Amino acid sequence: MRGFRMSNGNMDELFAQIKNNSKEDNKKIAEQVMKSLSPEQSQTLKSVLSDKSLMDKMLNSKEARDIMGKIGGDNGHK
């Protein structure tokens, strides 16, 4: 796995990389993303991820389904 830096212009590259990586490599990417966030952003993300109701709502959004389609999953939706 090569290093990855988050920026607005490379989401397609991130999706391609995730799709072709092992679970271990994707875990490393997630860790890199978390490290790239400010402390406030990191705390907000952790709050969202720990709230099942909010996660369900977010994962069922059109945007989430579009992203899942790009990385090879369908999140149970078409």
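Quick notes on the rules
- Residues numbered from 1 in each chain as written.
- Predicted model: local features only at pLDDT ≥ 70, side-chain atom pairs only at ≥ 80, totals over all residues.
- Heavy atoms only, no water.
- Helix = DSSP H or I, 4+ residues; strand = E, 2+ residues; numbered from the N terminus.
- Buried < 20%, exposed > 50% of the residue type's maximum accessible area, 1.4 Å probe, protein only.
- Areas by Shrake-Rupley, 256 points an atom, 1.4 Å probe, with all protein chains shown as cover.
- Axes fitted to C-alpha atoms, helices over the stretch in contact; angles between N-to-C directions.
- Parallel < 35°, antiparallel > 145°, perpendicular 65-115°, else oblique.
- Contact = heavy atoms within 4.5 Å.
- Nonpolar A, V, L, I, M, F, W, Y, C, P; charged D, E, K, R; others polar.
- Expected span 1.5 Å × (residues − 1).
- Arc of directions from axis to C-beta.

Peer 1: I'd love a proper account of the overall build of the chain, names of residues and values included.
Peer 2: If you tally the helices and strands in the chain, you get five helices and zero strands. Along the chain, from the amino end to the carboxyl end, the secondary structure elements read α-α-α-α-α. Here the chain holds 78 residues, and 15% of them are scored as buried. For the chain, the exposed area adds up to about 6000 Å²; of that, 54% sits on carbon and sulfur atoms.

Peer 1: Explain the packing of helix α3 (residues 39–50) against helix α4 (residues 52–59) residue by residue, including any values.
Peer 2: Running from N to C, α3 and α4 point in directions that differ by 90°, and their axes come no closer than 5 Å. Here α4 runs roughly perpendicular to α3, going by the angle between their axes. Residue-level inspection shows V48, L49 and S50 of α3 in contact with α4, the latter providing K52, L54, M55 and M58. Broken down by class, the residue content of the contact of α3 with α4 amounts to five nonpolar, one polar and one charged.

Peer 1: Give me helix α2 (residues 23–36): which residues, what numbers.
Peer 2: The terminal C-alpha atoms of α2, which comprises 14 residues, lie 20 Å apart, in line with the 20 Å expected from a rise of 1.5 Å per residue. Residues of α2 that are buried: D25, I29 and V33. When α2 is viewed along its axis, its buried side chains cluster within an angular range of 85° and face the same direction. Seen from the buried face of α2, the exposed residues on the opposite side, beyond 90 degrees, are K23 and K35.

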